[in-house]
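Spelled out from the first residue to the last, the chains are:
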Amino acid sequence: MIQLLSLRRNIIELYSKHGVIINYVLKFILAMVVFIIINTAIGLHREEFSILFTGATGIAFTFLVSLIFAVSPPVLSLFLIVAVLSLQLSAVLEIAVFVFLFLSLIMLFYARLSPKKAMVILAMVLGFYFHIPYAVVIFAGLYIGASAITPIILGTITWSFLPFLTNLAREVTVYNAASGDAGLINFGVFAQIYEILTTNLAWLIVAFVFSMIVLAVHLISRLAINFSREVSIIAGGFLGLVSLMMIMIMSDINITFPSLIIGILISFGLVWVVKFFDKILDYGRVERVCFDDEDNIYYVKIVPKIKK
């Protein structure tokens with residue numbers, strides 16, 4: 001334990017000295033991961049845009065947009081992702097336009113007002129991609145609070161529809177290539193998009209469960225009890241496990257039990273690591289102080305931090 005605390009102190013001191021540079025580097029790495037995922041998972045761009053995503057020019061383009069992402073404010077960073085995602089879907093113009101307008105509306109009505117919290121949307125999409133969205137949900141409840149419910153829901157919506165729209169784009173691309181209709185506006189695509197939006201409501205259940213987890217973690221972490229933060233993390237993981245197991249039984253949502261368990265355990269570990277570097281409280285030296293003035297009596301609970 002002493003060695004862990006010493007490592008923690010060294011890392012915190014390093015970050016306090018070079019925090020600005022470290023933040024830029026981490027944002028750049030995050031952007032590289034995001035754009036590589038987009039380029040490899042979709043790849044349905046028009047031939048005119050191939051130069052941006054293939055070969056040496058593709059590497060240079062990814063490096064450039066990642067660099068811009070790293071030094072830009074949150075709204076511009078998210079808009080870069082929207083633009084690249086739309087270009088990658090440009091083989092089917094109807095879907096590319098819909099995705100661009102849909103995500104741009106989110107940027108306009110939410111990200112512009114809460115730019116930092118809007119990054120939770122991106123975190124949720126990445127969480128779903130790596131099968132650990134629970135880490136984002138528990139972290140949001142612990143460090144952001146109830147106001148994180150909105151970006152959690154928006155991230156769930158975005159992830160829920162993107163795979164369907166990507167699959168639809170692949171089907172339309174194959175159909176256009178076989179029929180020779182490439183370049184023509186296919187109004188049937190809009191009908192299929194409407195059908196996807198109105199029939200796929202599984203996201204609503206998942207978003208509700210995640211919202212309740214955020215609220216539960218937030219409320220428990222604020223209780224005036226020892227180890228409230230630790231209890232809130234455990235409660236969030238347990239609530240997510242029980243709720244999603246019930247959803248698996250009662251609906252046709254495609255969640256396998258092993259992936260659910262592994263995802264929650266990994267999420268639990270990640271949040272615990274973040275909490276470890278945030279602060280460690282010594283509940284063995286808790287003190288309670290009572291004092292009063294002319295109007296009130298004050299009861300104060302003092303919990304020392306472990307710094308080394």
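Just so we're clear, the structure is a prediction, and the values are computed from it rather than from any experiment.

(A) Quick peek at the environment of L162. Structurally, L162 is set in helix 8 (residues 149-179). Distance from L162 to V99, taken between C-alpha atoms, is 8.3 Å for residues 63 residues apart in sequence. If near-sequence neighbours (up to four positions away) are discounted, L162 is found in contact with L85 and V99.

(B) How the structure looks around empty space enclosed by the protein. Inspection of the entire model under this criterion finds one cavity of 30 Å³ or more. The computed volume of the largest cavity comes to approximately 60 Å³. Breaking the lining of the largest cavity down by element, the ones donating at least two residues are helix 5 (93-111) and helix 8. Among the residues forming the lining of the largest cavity, the class breakdown is eight nonpolar, one polar and no charged.

(C) Structural view of unusual backbone geometry. One non-glycine residue with positive phi stands out, namely H131, at about 65°. On the secondary structure map, H131 appears in the loop between helix 6 (115-129) and helix 7 (133-143). Overall, H131 belongs to the exposed group, its relative accessible area being 56%.

(D) Structural context of the pattern of salt bridges. Following the criterion strictly, the structure yields one salt bridge and no others. K275 serves as the salt-bridge partner of E230, at 3.1 Å between the closest nitrogen and oxygen. Note that E230 is positioned in helix 11 (residues 228-250) and K275 in helix 12 (residues 257-278), a separation of 45 residues in sequence. With relative accessibility at 6%, the residue K275 sits in the buried group.

(E) Seen up close, the packing of helix 5 against helix 6. Where helix 5 meets helix 6, the axes come as close as 10 Å, and the angle between the chain directions of the two elements is 145°. Facing I106, Y110 and A111 of helix 5, the residues of helix 6 in contact are P115, K117, A118 and I121. Residues that form the contact of helix 5 with helix 6 fall into these classes: six nonpolar, no polar and one charged.

(F) Fine view of the nonpolar core. Among the nonpolar cores identified, the biggest contains 44 residues, and F35, I38, L85, L89, I95 and V99 are the most heavily contacted of them. Of all the secondary-structure elements, those providing two or more residues to this core are helix 1 (2-41), helix 3 (55-71), helix 4 (74-88), helix 5, helix 6, helix 8, helix 9 (187-199) and helix 10 (202-221). Among residues more than four places away in sequence, those in contact with I95 are L89, L165, L168, A169, V189 and I193. Grouped together as the second largest cluster of nonpolar side chains are 26 residues, Y134, A135, L142 and V217 included.

(G) Focus on helix 5. The end-to-end C-alpha separation of helix 5 is 25 Å, in line with the 27 Å expected for 19 residues at 1.5 Å each. Residues of helix 5 that are buried include every one of E94, I95, A96, V99, L103, S104, I106, M107, Y110 and A111, and no others.

(H) Quick look at a negative patch on the surface. Residues D292, D293, E294 and D295 make up a contiguous surface patch of negative charge. When you line up the elements, E294 lands in the loop between strand 1 (287-292) and strand 2 (297-302).

(I) Fine view of the packing of aromatic side chains. In the structure shown here, the tally under the stated rule is 13 aromatic pairs. Judged by centre distance (6.5 Å) and plane angle (90°), the ring pair of F35 and F69 falls under edge-to-face. One end of the pair, F35, is in helix 1; the other, F69, is in helix 3, and 34 residues separate them in sequence. Both residues of the pair, F35 and F69, belong to the buried class. Ring geometry for F161 against W203: centres 6.4 Å apart, planes inclined by 65°, an arrangement best described as edge-to-face. Placement of the pair is F161 in helix 8 and W203 in helix 10, with a sequence separation of 42 residues. Here F161 falls in the buried class, since its relative accessible area comes to 7%. Taken together, the aromatic side chains of F128, Y129, F130, Y134, W159 and F210 make up a single cluster linked through ring pairs. Sitting over the face of the ring of F69, K27 holds its NZ or CZ atom 5.8 Å from the ring centroid. Seen from the ring of W272, K275 lies directly overhead, with NZ or CZ sitting 5.2 Å from the centre.

What counts and how
Residues numbered from 1 in each chain as written. Predicted model: local features only at pLDDT ≥ 70, side-chain atom pairs only at ≥ 80, totals over all residues. Heavy atoms only, no water. Helix = DSSP H or I, 4+ residues; strand = E, 2+ residues; numbered from the N terminus. Contact = heavy atoms within 4.5 Å. 1 Å grid on protein atoms, 1.4 Å probe; cavity = no way out; pocket = protein on both sides within 12 Å on 5 of 7 lines; lining within 4 Å. Points joined across faces, edges and corners; volume = space filled by probe spheres on them. Nonpolar A, V, L, I, M, F, W, Y, C, P; charged D, E, K, R; others polar. Buried < 20%, exposed > 50% of the residue type's maximum accessible area, 1.4 Å probe, protein only. Salt bridge = Lys/Arg side-chain N within 4 Å of Asp/Glu carboxyl O. Axes fitted to C-alpha atoms, helices over the stretch in contact; angles between N-to-C directions. Core = buried A, V, L, I, M, F, W, Y, C linked by side-chain atoms within 4.5 Å. Expected span 1.5 Å × (residues − 1). Patch = residues over 30% accessible without salt bridge, like charges linked within 9 Å, V, L, I, M, F, W, Y side chains within 5 Å. Areas by Shrake-Rupley, 256 points an atom, 1.4 Å probe, with all protein chains shown as cover. Lys, Arg positive; Asp, Glu negative; His and termini not counted. Charge placed at Lys NZ, Arg CZ, Asp CG, Glu CD. Phe/Tyr/Trp six-rings, centres within 6.5 Å; stacked < 30°, edge-to-face > 60°. Lys NZ or Arg CZ within 6 Å of the ring centre and 35° of its normal.

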